[in-house]
Amino acid sequence: MIKNDSKRVLVTGSRGKSSIVRMLHTAFGDAGLTAYARITGVGPRELGPGGSHTISRPAGAHVGEMHWWLKQLPEAAQAIVMENSAISPDLQELAGRWLKPDITVLSNTLPDHQEAWGPSGASAAEVLTRGIPRGGKVILPDSLEADEYLQALLRQRRCEIQFATPAAGIAPAFRSANLGLALATAEHLGLAAEPALQAMLAMPGDDYDFQVVKH
């Protein structure tokens, strides 16, 4: 059973979700909180105080895995970060209903899962915003500040919008944007900015990190 006073973050978007989850888990742990996180990505994993553990699946991926994972977390969990793994538009809202996040991070609205979401960034935004709880707080990268259509969708859901600037002096640009989102979220939940940033910068690389390889 999860305590009501735990810090809870839901991470959604087309790209970068797993990296942001790892960053936030690291920042919470560095701040002395008993933190748990769930990554979907290529390899489903739980991140906890004891490290990373693979989530075994007897069958294929299922949206109900998020509910199961939350139900089995210990009461000692002080911070919980979960990636929204739903793909179907009709199932987007389940993660927020189950987690009841203090804040949701929307990494970006790039075209993805086009067979389910449609061909454009606008159609991706329509689906992804369904997963942001009505009346909830959402942090977006400042690259979306000019996206009036996205903001209109969020206003329809009565969301409180905050834009995050990329972390200065970090390359490539997508890592800088992800760090900026994670840092803004950590600060919003009461963590000191500089220790959180340094902890995230010191994170070891991950086998599934996105990379651009030049030949």
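Residues numbered from 1 in each chain as written. Predicted model: local features only at pLDDT ≥ 70, side-chain atom pairs only at ≥ 80, totals over all residues. Heavy atoms only, no water.

**Notes on the overall build of the protein**
Helix and strand counts for the protein come out as eight helices and eight strands. Here the protein holds 215 residues, and 47% of them are scored as buried. Pairs at least 24 apart in sequence give 62% of the contacts found in the protein among residues at least 6 apart. Total accessible area on the protein stands at roughly 10,600 Å², and carbon and sulfur atoms take up 52% of it. (Helix = DSSP H or I, 4+ residues; strand = E, 2+ residues; numbered from the N terminus. Buried < 20%, exposed > 50% of the residue type's maximum accessible area, 1.4 Å probe, protein only. Contact = heavy atoms within 4.5 Å. Areas by Shrake-Rupley, 256 points an atom, 1.4 Å probe, with all protein chains shown as cover.)

**Things to note about unusual backbone geometry**
For the bond running from Ala-171 to Pro-172, omega is -5°, close enough to zero to count as cis. In the Ramachandran plot, Lys-100 falls in the positive-phi region, its phi being about 55° despite a non-glycine side chain. Here Lys-100 is to be found in the loop between α3 (93–99) and β6 (103–106). Owing to a relative accessible area of 57%, Lys-100 belongs among the exposed residues under this scheme. Within the chain, Arg-158 stands out as a residue other than glycine whose phi angle is a positive 60°. Counting through the fold element by element, Arg-158 comes out in the loop between α6 (148–156) and β8 (160–164).

**Description of the sheet that holds strand β7 (residues 137–141)**
In space, the eight strands of this open sheet follow the order β4-β3-β2-β5-β1-β6-β7-β8, with mixed pairing throughout. Whereas interior strands pair on both sides, the edge strands pair on one side only; in this sheet they are β4 (51–54) and β8. Taking each pair of neighbouring strands and ignoring which way they run, the sheet shows an average axis angle of 20°. Strand direction decides the pairing type here: strand β2 (residues 35–39) and strand β5 (residues 79–83), joined by four bridges, are parallel. (Pairing = 2+ DSSP bridges. Axes fitted to C-alpha atoms, helices over the stretch in contact; angles between N-to-C directions.)

**Quick notes on the confidence of the model for the protein**
Summing up the model confidence of the protein, the mean pLDDT is 89 and the portion of residues at 70 or higher is 89%. Mean pLDDT across the secondary structure elements of the protein bottoms out at β4, with 74, and peaks at β6, with 98. (pLDDT = per-residue confidence, 0-100.)

**Examining the pattern of salt bridges**
For the structure shown, the criterion picks out three salt bridges. Note that Glu-93 is salt-bridged to Arg-97, the shortest N-O span being 3.1 Å. Here Arg-97 and Glu-93 lie together in helix α3, a separation of four residues that amounts to about one turn. (Salt bridge = Lys/Arg side-chain N within 4 Å of Asp/Glu carboxyl O.)

**Structural notes on the environment of Pro-119**
For Pro-119, the location among the structural elements is in the loop between α4 (114–117) and α5 (121–128). A residue is classified by how much of its surface remains accessible, and Pro-119, at 67% relative accessible area, is exposed. Those residues in contact with Pro-119 that sit more than four places away from it in its chain are Pro-111 and Gln-114.

**Points about the pairing of β5**
Counting buried positions along β5 yields five of five residues, so the element is predominantly enclosed. Neither face of β5 is open: one carries Ala-79, Val-81 and Glu-83, the other Ile-80 and Met-82, and all of them are buried. Both strand β1 (residues 7–12) and β5 contribute to a ladder of five bridges, which runs parallel. The residue bridging Leu-10 from the neighbouring strand is Met-82, located in β5.

**Regarding the pairing of β4**
Here strand β3 (residues 45–48) pairs with β4 via four bridges, running antiparallel. Within the sheet, the bridge partner assigned to Glu-46 lies in β4 and is His-53. Hairpin connection between β3 and β4: a loop of two residues separates the two successive antiparallel strands.

**Topic: the nonpolar core**
Residues Val-9, Val-11, Leu-24, Phe-28, Val-81 and Met-200 are the most contacted members of the largest nonpolar core, which totals 31 residues. For this core, the secondary-structure elements that each account for two or more residues are β1, α1 (17–30), β2, β5, β6, α7 (173–188) and α8 (193–201). Apart from the residues within four sequence positions on either side, Val-11 is in contact with Lys-17, Ile-20, Val-21, Leu-24, Val-81, Met-82, Glu-83, Asn-84 and Val-105. (Core = buried A, V, L, I, M, F, W, Y, C linked by side-chain atoms within 4.5 Å.)

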